[in-house]
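In case you want the letters, here they are:
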Amino acid sequence: VNGVQPEKVDVLIVGAGPAGLMMAEWMAKCGIKTRICDKRGTKIFNGQADGLQCRTLEIFDSFGFGHRAWIESNHMLEICLWNPDKDGIIRRSDRIPDTIPGISRFQQVVLHQGRIERFFLDSIESCSDIRVERGVMPSKLELNQTLVEDNDAYPITVTLRHLSEEEATPQQQTGISTNGTSVMDGLFRSNIAPDDTQDLLNDSAHLNGKANTEEVIQAKYVLGADGAHSWVRNQLGFKLEGESTDYIWGVLDIVPITDFPDIRMRCAIHSASAGSVMVIPRENKLVRLYIQLTTTEKIGDSAGARVDRSKITPQTILQAAQRIIAPYKLDYRKLDWWTAYQIGQRVGTQFSSHERIFLAGDAVHTHSPKAGQGMNVSMQDAYNLGWKVANVVKGIASRDILKTYQSERRRIAQDLIAFDHRFSRLFSGRPAKDVMDEEGISIQEFKNAFEKGNMFASGIAVDYGSSLIVAKQGNSTDQGDGTDVGVHNPDYQVLSIPTLATKVEVGKRIPSHKILNQSDARPSHLHELLRSNGRWRIITFAGDIRDPVQAAKLKNVGTKLAAPNSFLKRFTPSGGRYDDVFEVLAIHNAPRTQVSFFDFPEVYRNFDEIEGWDYWKIFVDGQSYHEGHGQIYENLGIGPAGCSVVLRPDQYVSYVGPMDAYDELDKFFSGFMVTQEKGKKVVLS
Ligand code: FAD
């Protein structure tokens, strides 16, 4: 435009909601040249999604801001199930733990989306010059298909339009009346987010300066994280498939005044005939009520006709809740946010175009808000994609790994919809009157579903299928979407030996247990070592290295890893730090005081002329002075022979094999990594 050369960026992210910000976070941590734009003039301040599952907290922690969410949020520890008794009066029928004990070092918490977006923004700002450009949206998107396989090309051309302040100011949801209440249904400044004033000032100055202008940029990769109505998806001509009926949910965030005894617990309350409500206790004395509204009027008779949302007000939602919770009383003086949320259960047909333009989050899956999954799964999509794009942009990995984004995440989206479908029926169904009432939902059925659902909802159960970055048995074409993401060249095929670590599941994130640093005896969780910075990890579980057999294997693998032609050397850019691409860690289980740091080969404790030895790569499964014994060998099912484990940069297990299986590791990485000397994919001799 105007004869100016288009700016070139590696990655353009459209949409700065949870999915877009997660992608920007990866790009910031990996040093990738990125722009991120959002059509909204301001970030959101309260309301919307709120539940953070334990896997999401693990991910936040790996970026360094998990503690902020953990401290500020409300922790939900117990779910109470309420059902009608034989007289139709609601009674507590069960209590179950909210997060299954022992699956993670975090438990489910709730905190509003605006704060979560704040943590991302602060983190991105602290380590990069990436800034969300607000009031900016694409108006044209073109992909030059002849260039898609050229790693150095910028095949995507995007025209960005800078909106005026008026255009970028978020609107109330059309058709919803606040009926006299001063509280809006979407965006207003919450008293719990006082630190955004400067942002707003900066944004408005920025908007004024460039309003109504356009610019053209060229990108290597684009992520459409632009929500359920995704413009990027529409440009690509991709569809969402699924149910045509939309459900209407009323959501009310209030400070409740009530005599209901479990208002600070997460509750699922089924009334005999007035419907169901989900109670979510939140930060700042707030409680969220989710109600599937059944009494709204439809405009028109056809199936899937749109509901007249102007009939839904905070009062309608409150009255529905009052009917369900009776004979207990429920009212409020403080209303923080409310919305009517209309949603169908749908999954995108395709998650990428030529592995150049990707879609993530609500742009490729929509479902009900009940199980608190929307924001979590959206962020986890981008968490899956970000490091892959960064590895490819940096020339470390070949473009082949990008295919695994769709194969891994589309299956999760399909599972999510199936889960939501089952859960919806149970949640919205009428409670059974007695054991003969086959149409009604029995208390036991509901409880079982909740318990099973909790494992899925935690995010911990995610199990990625076999591919060139997940070395396990499985039909590589059986990815749920017909995409072949398997090992393309059988010469590189490597399979794990699961019996060497019986509780480490290849394709799942590695469980975390405490270990001690060999050099200073400090305990830390394994996950605390696995920072999200784009690096692959090779962990040698060396066993008891006082045993000459174990010591010999350790020496052997150490020598091979350090050899001039080892894959560590071939795939690490020359001039880069020794752990830029691979971090080599050792965890042994000899008594800490009977072995020394210097008993380990140098590849586990690299030396730097200025910084000396690296003391943060050798650990022991031992008793700490103050925090007990993590028993990591026992908990991961690792025997005396030890093993080696390869972890992807997102902590998912790629490979489990013998401790000194150097050749297998070399083969595995040669399947998708790029030799640095020649600048092209390695060919094994
Ligand atoms: P979004 O959060 O939708 O973010 C998309 C971003 O893209 C937005 O910032 C938008 O402004 C921007 N954008 C859109 N189009 C363009 C464009 N053309 N150009 C540039 N930018 C664009 N989930 C729950 O779990 N519980 C809830 O109670 C709940 N309530 C919700 C209430 C509402 C009103 C909405 C809209 C969603 C709610 N959700 C809830 C869902 C949850 O918020 C989403 O699943 C989650 O935010 C998805 O994240 P995302 O980043 O994919 O999309």
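First, a word on what this report is: a plain description of the structure on this page. The structure presented is a predicted model; accordingly, all values stated were derived computationally and were not measured. (Residues numbered from 1 in each chain as written. Predicted model: local features only at pLDDT ≥ 70, side-chain atom pairs only at ≥ 80, totals over all residues. Heavy atoms only, no water.)

Moving on, we get to the overall build of the chain. Helix and strand counts for the chain come out as 16 helices and 30 strands. Scored against the burial criterion, the 685 residues of the chain give a buried share of 57%. A total of about 27,900 Å² of accessible surface is found on the chain, and carbon and sulfur atoms cover 50% of it. (Helix = DSSP H or I, 4+ residues; strand = E, 2+ residues; numbered from the N terminus. Buried < 20%, exposed > 50% of the residue type's maximum accessible area, 1.4 Å probe, protein only. Areas by Shrake-Rupley, 256 points an atom, 1.4 Å probe, with all protein chains shown as cover.)

Below, the discussion takes up the site of the ligand. In the vicinity of the ligand lie 32 residues, with Asp-38, Arg-288, Tyr-290, Tyr-341 and Asp-362 positioned nearest. A distance of 2.7 Å is found between an oxygen atom of the ligand and a side-chain nitrogen or oxygen belonging to Arg-288. Bound to the protein, the ligand loses 89% of the 980 Å² it would expose on its own. Secondary-structure elements contributing two or more residues to the shell around the ligand are α1 (18-30), β9 (136-143), β16 (287-292), β17 (330-343) and α9 (374-393). (Near = heavy atom within 4 Å. Polar contact = N/O pair within 3.5 Å; in protein donor to acceptor, adjacent residues only side chain to side chain.)

A separate point is the nonpolar core. Phe-60, Trp-536, Phe-567, Phe-582, Tyr-604, Phe-669 and Phe-672 are the most contacted members of the largest nonpolar core, which has 111 residues in total. The element contributing the most residues to this core is α9, with 10 residues. For this core, the two domains that each supply at least three residues are domain 1 (7-74 + 106-172 + 190-242 + 345-426) and domain 2 (490-670). Excluding residues within four positions of it along the chain, Phe-60 makes contact with Met-22, Leu-52, Phe-65, Gly-66, Ala-69, Ile-116, Phe-120 and Met-379. (Core = buried A, V, L, I, M, F, W, Y, C linked by side-chain atoms within 4.5 Å. Domains from an automatic or database assignment. Contact = heavy atoms within 4.5 Å.)

A few words on the sheet that holds strand β22 (residues 514-517). One open sheet accounts for 7 strands, arranged β23-β22-β28-β25-β24-β29-β30; its pairing is mixed. Only two strands of the sheet have a single neighbouring strand rather than two, namely β23 (523-525) and β30 (653-657). Taken over all neighbouring pairs, the strand axes of this sheet differ in orientation by 30° on average, direction set aside. (Pairing = 2+ DSSP bridges. Axes fitted to C-alpha atoms, helices over the stretch in contact; angles between N-to-C directions.)

Moving on: α9. Between its terminal C-alpha atoms α9 stretches 29 Å, which fits the 28 Å expected from 20 residues at 1.5 Å a residue. Counting buried residues in α9 gives 19 out of 20 residues, a clear majority hidden from the surface. Just past α9, the residue Gly-395 takes up positive phi, approximately 80°. (Expected span 1.5 Å × (residues − 1).)

This paragraph deals with α1. Relative to the 18 Å expected for 13 residues at 1.5 Å per residue, α1 spans 18 Å between its end C-alpha atoms, a close match to the ideal helical length. The buried fraction of α1 amounts to 12 of the 13 residues, a majority that puts the element mostly inside the structure. Those residues of α1 that fall on the buried side of the exposure criterion are Pro-18, Ala-19, Gly-20, Leu-21, Met-22, Met-23, Ala-24, Glu-25, Trp-26, Met-27, Ala-28 and Cys-30.

Turning next to the sheet that holds strand β21 (residues 365-366). Spatially, 3 strands are ordered β12-β18-β21 in an open sheet, and the strand pairing comes out antiparallel. Each edge of the open sheet is held by one strand with a lone partner, namely β12 (240-242) and β21. In terms of strand pairing, β12 meets strand β18 (residues 346-348) through 3 bridges, oriented antiparallel. Across the sheet, the residue bridging to Gly-242 is Arg-346, located in β18.

Evaluated as defined, the whole model comprises 36 aromatic pairs. Note on Phe-541 and Tyr-633: the rings are 5.7 Å apart at their centroids and 80° apart in plane angle, and the pair reads as edge-to-face. Of this pair, Phe-541 sits in strand β24 (residues 536-543) while Tyr-633 sits in helix α15 (residues 632-636), and the two are 92 residues apart along the sequence. On the basis of relative accessibility, which here comes to 0%, the residue Phe-541 falls in the buried class. (Phe/Tyr/Trp six-rings, centres within 6.5 Å; stacked < 30°, edge-to-face > 60°.)

For the coordinates displayed, the defined rule picks out 0 disulfides. Cys-127 carries a free sulfur, and the closest cysteine sulfur to it, the one in Cys-30, is 9.4 Å from it. (Disulfide = S-S within 2.5 Å.)

Structurally, Ile-443 can be placed in helix α11 (residues 443-457). Ile-443 gets classed as partly exposed once you look at its relative accessible area, which sits at 34%. Residues Ile-443 and Leu-81, 362 residues apart in the sequence, show an inter-C-alpha distance of 8.5 Å.

Looking now at the pairing of strand β25 (residues 582-588). Extensive coverage of β25 is indicated by the burial of 7 of its 7 residues. Covered by surrounding structure in β25 are Phe-582, Val-584, Ala-586 and His-588 together with Glu-583, Leu-585 and Ile-587, the residues of both alternating faces. Both β24 and β25 contribute to a ladder of 7 bridges, which runs parallel. Paired with Arg-537 across the strands is Glu-583, a residue of β25. Bridging between β25 and strand β28 (residues 618-620) involves 3 bridges; their strand directions are parallel. What sits directly across from Ile-587, in β28, is Phe-619.

Structurally, Ser-524 can be placed in strand β23. Given the relative accessible area of 12%, Ser-524 is considered buried. Setting aside its immediate chain neighbours within four residues, Ser-524 contacts His-513, Lys-514, Ile-515 and Leu-529.

Next up on the list: the packing of α1 against helix α2 (residues 54-63). Axis separation between α1 and α2 bottoms out at 11 Å; the angle between their running directions is 30°. When the axes of α1 and α2 are compared, the pair comes out roughly parallel. Between α1 and α2 lies a crossing of left-handed hand. Touching Met-22, Glu-25, Trp-26 and Lys-29 of α1 are Ile-59, Phe-60 and Phe-63, all from α2. Classifying every residue of the contact of α1 with α2 by side-chain character gives 5 nonpolar, no polar and 2 charged. (Parallel < 35°, antiparallel > 145°, perpendicular 65-115°, else oblique. Left-handed = near helix turned anticlockwise from the far one by under 90°. Nonpolar A, V, L, I, M, F, W, Y, C, P; charged D, E, K, R; others polar.)

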